[in-house]
Amino acid sequence: MLHLRPALRSLRKHQGITFINVVGLAVGLACCLLIARYVLHERSYDRFHAHGERVYRLSPDVTMPSGTQSWTATQGPLAPALMEVFPEVETAVRLYNGEAVIQHDAVRHVEENLQYADAAFLDVFSFPLLQGDAATALQAPSSIVLTASMARKYFGTESVLGETLVLDGTRTHTITGVLADLPSNTRFDFDVLLPIETLKETGPEWLFESWGDFFFTTYVQLAEGQRPQDFIAKLDRFIDENVPFLREGMSPSYVLEAVPDLYLYSDRGADSGAQRRASLYLFAIVALFILGIACINFMNLATARSAERATEVGVRKTVGAGRGSLVAQFLTESMLVAILAGVLAVGLASLAYPAFVALTGKAMPTSIFAEPLLLGLLAAAVLVVGLAAGSYPALVLSGFRPAAVLKGAFRHSAQGVWLRKGLVVLQFGISVVLIVGTGVVYSQLSYLNNQDLGFDKEQLLVLEFDAAQLTGAEADAEPPIETIKESLAQQTSVEGVSASRAVPGTRTVSALTTLQTADRSDWQNTLTTYLVDDDFLATYELDLAAGRFFTPQFASDAEEAIIINETMARTLGFTQPQDALGTTFQQWGNEGTVVGVVQDFNFASLHAPILPMSMRLASAAQTQYLTLRVATNDLPNTLSDIRASWETLVPQYPFTYRFLDESFDEAYRAEQQFGRLFGTFAALAILIACLGLFGLAAYAIQQRIKEIGVRKVLGASVPSLIGLLSKDFLQLIGVAFVIAAPLAYFGAQRWLDGFAYHTDPSLVLFALSGVLVAAIALVTVSYEALRVASINPTECLRSE
């Protein structure tokens, strides 16, 4: 209490500065709380599983003659072998992606978030069951487990244990479990679980018996005390001794990846841990920037008032106050401001949290303080900020000699002036970096959305289905795909129709392929392979670089023809696409020749470069997508007509569609969310900087109030006075830009390097960023300058 009352009196005396400090720090702390909540959420993925520290994903690095690839898929027989041979393995479970038409009475939907799982899956992973027994829910082939949302979707309630669903029009499954909806902090993504035993009954035998086919994701739970590296060494010996033929072709060496680490630390397959880590690091840096700017405001205003406070120090020392007492007094003031800011930050963060969650696109906890650690971080931040921001007045001002101070020696010292200028430069240098960063993010998003993919993705309507189930026939039956295509093509708004196994932007098939190289040696590797019909080229408006496309005129195309892209031709050593024509291939037991080379097109997102790929002619039963090129001048009627035709032709299969350009936009959702978040926090950082600059300008201008009065008496105009008062601050902004621009360029280039295709930071962007920062600073300073410059000079000179 000894120092509290004087501290409160000092804060009340300078209410404007107190307001700027408290609000600036509160906004900074609130931003840090929101970013910390996001970072904690991202770091919490799959850390809730009871035995998570002992559960690993088993993945292979597959070496082939043409190189090594890192996969996430493993062989069907692997998990049972681990359970049988390795005592180190408590449990091994597999997952297999699937889809099905699920029906209950009149409710029928295509469910793509469906996975087949071993019976022990719900024991290994701690996804809570609302109904049912985790130990038995996935044992019987006719069982099915739904999430709560799926139960409500089909039955209107979650109490559905024992109810039945019909899959693909032929199989009846009994609901044996209802899971709580999956939490937002898990990599797993499924709405429906079916037993692996179901897949054994309906799928091909080789899927579970072949050591040469990789289609399952395998997870192992090691016994306590077992070291992953010891298990891997033993597994490699097991493969050498029991499956020696694998070493002759695709030779896998396995790695274990801890499940809690997969989200942020795996870059295997479609994982993007490095990109996620980079985003988290950037957000952490932004949080420190924002808090740093708020602290700079505090210290800047402290140095601005240094002459006034130095006089106070001199007087108090003269009457006997010791340095320790003065340090305690100044630190009490700064801690009081920090505590008030912390309390206000809690309210601001709580109010902003729902909007922040919507901005991230994440289903985070309903309360920002659901994680108690945040309150501890806030308390620590308040303590650090209070001590750091109060350090200057506490340690520097308290050390002044009273005789020198009271003679006015400090009033003319350059120490405080240079510190204040340095802090302004630092503050607006950070602002320049953030503005440039925001511009680069949005520039890259625009580039991604407008980049030529090698085909026209607009106006492509994709219908999803499983051709083998269109008539409820067996998988080897020939559904009436051509009939459906012909009927849809008769619509006046449909310009082309194609059937394929995959479409750009979706999961594709990979096949072990052998191709002859330019020097007549063999290239062997897994190759992305599109199974397409003979209308695919025209519908997608692809271009041939050489040769021909599939055509009904060549009946042998289904088995003896393959089409490759230009990247594959270059990989084989051919400098000209036409030189690759006639090259022999082996794939899926077929042999033939390359009949065409298609120009490169991006069949995946622009995060990755165009990879080698091939196309094969699909049988009717292999197709899963129909792509329609449609006219969009009357889209509602077009969709209505297509739906009517579909429901007439295949009433047993739901009409499910999407536009291909939307799928590609989905691939950049993370970047879009990142851009929105980064831009929002950058704007808040600049707002805090401007708040501090306003207070600093107001105080600096007030110190020159008599000079302004004299200049006005001598005929100075208001614009000239505004220019005079703003000039010093604009010079500091210029210095900040010169220092910050190279740093911003380096940081932007590092972020852009995460994309295979990216724009380059332009000089125009940097120039606009500099102009924007200068304009913001000028408006901030000019407001106060205009107010003072407009005062009657007699008011300025009255005390004289």
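A brief report on the enclosed structure follows. Owing to the predicted nature of the structure, the values given are computational and were not obtained by experimental measurement. (Residues numbered from 1 in each chain as written. Predicted model: local features only at pLDDT ≥ 70, side-chain atom pairs only at ≥ 80, totals over all residues. Heavy atoms only, no water.)

## Here's the deal with the overall build of the protein
For step 1, the next point in the chain: The helix and strand tally for the protein stands at 27 helices and 23 strands.
For step 2, the next point in the chain: The buried share of the protein, taken over its 800 residues, is 51%.
For step 3, the next point in the chain: Expressed as a percentage of contacts within the protein between residues at least 6 apart in sequence, the contacts between residues at least 24 apart total 78%.
For step 4, the next point in the chain: Accessible area of the protein: about 34800 Å², with a carbon and sulfur share of 56%. (Helix = DSSP H or I, 4+ residues; strand = E, 2+ residues; numbered from the N terminus. Buried < 20%, exposed > 50% of the residue type's maximum accessible area, 1.4 Å probe, protein only. Contact = heavy atoms within 4.5 Å. Areas by Shrake-Rupley, 256 points an atom, 1.4 Å probe, with all protein chains shown as cover.)

## Comments concerning the packing of aromatic side chains
For step 1, the next point in the chain: Tallying each qualifying case throughout the model produces 37 aromatic pairs.
For step 2, the next point in the chain: Ring geometry for Y45 versus Y263: centroids 3.6 Å apart, planes at 5°, classification stacked. You can see Y45 sitting in the loop between α2 (15–43) and β1 (55–64) and its partner Y263 sitting in helix α9 (residues 262–265), a full 218 residues away along the chain.
For step 3, the next point in the chain: With a relative accessible area of 6%, Y45 lands in the buried category. (Phe/Tyr/Trp six-rings, centres within 6.5 Å; stacked < 30°, edge-to-face > 60°.)

## Topic: the nonpolar core
For step 1, the next point in the chain: Counting 124 residues, the largest nonpolar core has F428, F455, L542, M615 and F681 as its most contacted members.
For step 2, the next point in the chain: No other element matches α2, which puts 16 residues into this core.
For step 3, the next point in the chain: Those residues in contact with M615 that lie beyond four places of it in its chain are Y530, V532, F536, L542, F549, F550, I562, I563, V598 and F601.
For step 4, the next point in the chain: The next biggest cluster of nonpolar side chains, apart from the first, holds 24 residues, and it includes Y116, A151, L194 and L199. (Core = buried A, V, L, I, M, F, W, Y, C linked by side-chain atoms within 4.5 Å.)

## Some points on helix α21 (residues 635–649)
For step 1, the next point in the chain: Taking 1.5 Å of rise per residue, 15 residues should cover 21 Å, and α21 covers 21 Å from first to last C-alpha, within 8% of that figure.
For step 2, the next point in the chain: Residues of α21 that are buried: T638, L639, I642, S645 and W646. Seen end-on, α21 carries its buried residues on one side only, within an arc spanning 130°. The exposed residues of α21 that point more than 90 degrees off its buried face are P636 and T648. (Expected span 1.5 Å × (residues − 1). Arc of directions from axis to C-beta.)

## Quick word on the pairing of strand β7 (residues 143–147)
For step 1, the next point in the chain: Within β7, five of the five residues are buried, leaving the element largely enclosed by the surrounding structure.
For step 2, the next point in the chain: Pairing analysis gives five bridges linking β7 to strand β9 (residues 171–179), with the strands arranged parallel. Looking at β9, one finds that S143 is bridged to T174.
For step 3, the next point in the chain: Pairing of β7 with strand β10 (residues 192–195) involves two bridges; the strand directions are antiparallel. Bridged to L146 within β10 is V192. (Pairing = 2+ DSSP bridges.)

## Side note on the state of the cysteines
For step 1, the next point in the chain: Taken as a whole, this structure holds zero disulfides when the rule is applied.
For step 2, the next point in the chain: C32 supplies the cysteine sulfur nearest to C295, a cysteine that is in no disulfide, at a spacing of 8.9 Å. (Disulfide = S-S within 2.5 Å.)

## Notes on the environment of I296
For step 1, the next point in the chain: Along the chain, I296 turns up in helix α10 (residues 273–304).
For step 2, the next point in the chain: Leaving out residues up to four positions away in the same chain, I296 has contacts with L423, L426 and Q427.

## Digging into unusual backbone geometry
For step 1, the next point in the chain: The residue D46 is not glycine, and still its phi comes out positive at about 55°.
For step 2, the next point in the chain: Tracing the backbone shows D46 in the loop between α2 and β1.
For step 3, the next point in the chain: Assessed through its relative accessible area of 1%, D46 is described here as buried.
For step 4, the next point in the chain: The backbone of D168 shows a phi angle near 55°, a positive value even though the residue is not glycine.
For step 5, the next point in the chain: Checked against the element boundaries, D168 lands in the loop between β8 (164–167) and β9.

## As for the pattern of salt bridges
For step 1, the next point in the chain: Within this structure, the stated rule accounts for 26 salt bridges.
For step 2, the next point in the chain: If you follow the salt bridges from partner to partner, you end up with E53, R54, E90 and E224 in one network. (Salt bridge = Lys/Arg side-chain N within 4 Å of Asp/Glu carboxyl O.)

## Quick notes on the pairing of strand β15 (residues 509–516)
For step 1, the next point in the chain: Inspection of the sheet shows β15 paired to strand β16 (residues 522–532) by eight bridges, in the antiparallel sense. In the strand pairing of β16, Q516 is matched with D522.
For step 2, the next point in the chain: Examined bridge by bridge, β15 and strand β19 (residues 584–587) share three bridges and lie antiparallel to one another. Counted as the bridge partner of T513 is Q587 from β19.

## A few points about the side chain of S59
For step 1, the next point in the chain: Within the secondary structure, S59 is located in strand β1.
For step 2, the next point in the chain: At 3.5 Å, the side chain of S59 forms a polar contact with the side chain of E257.
For step 3, the next point in the chain: In contact with S59, not counting residues within four places along its chain, are W71, T72, T74, S253, Y254, V255, E257 and R268. (Polar contact = N/O pair within 3.5 Å; in protein donor to acceptor, adjacent residues only side chain to side chain.)

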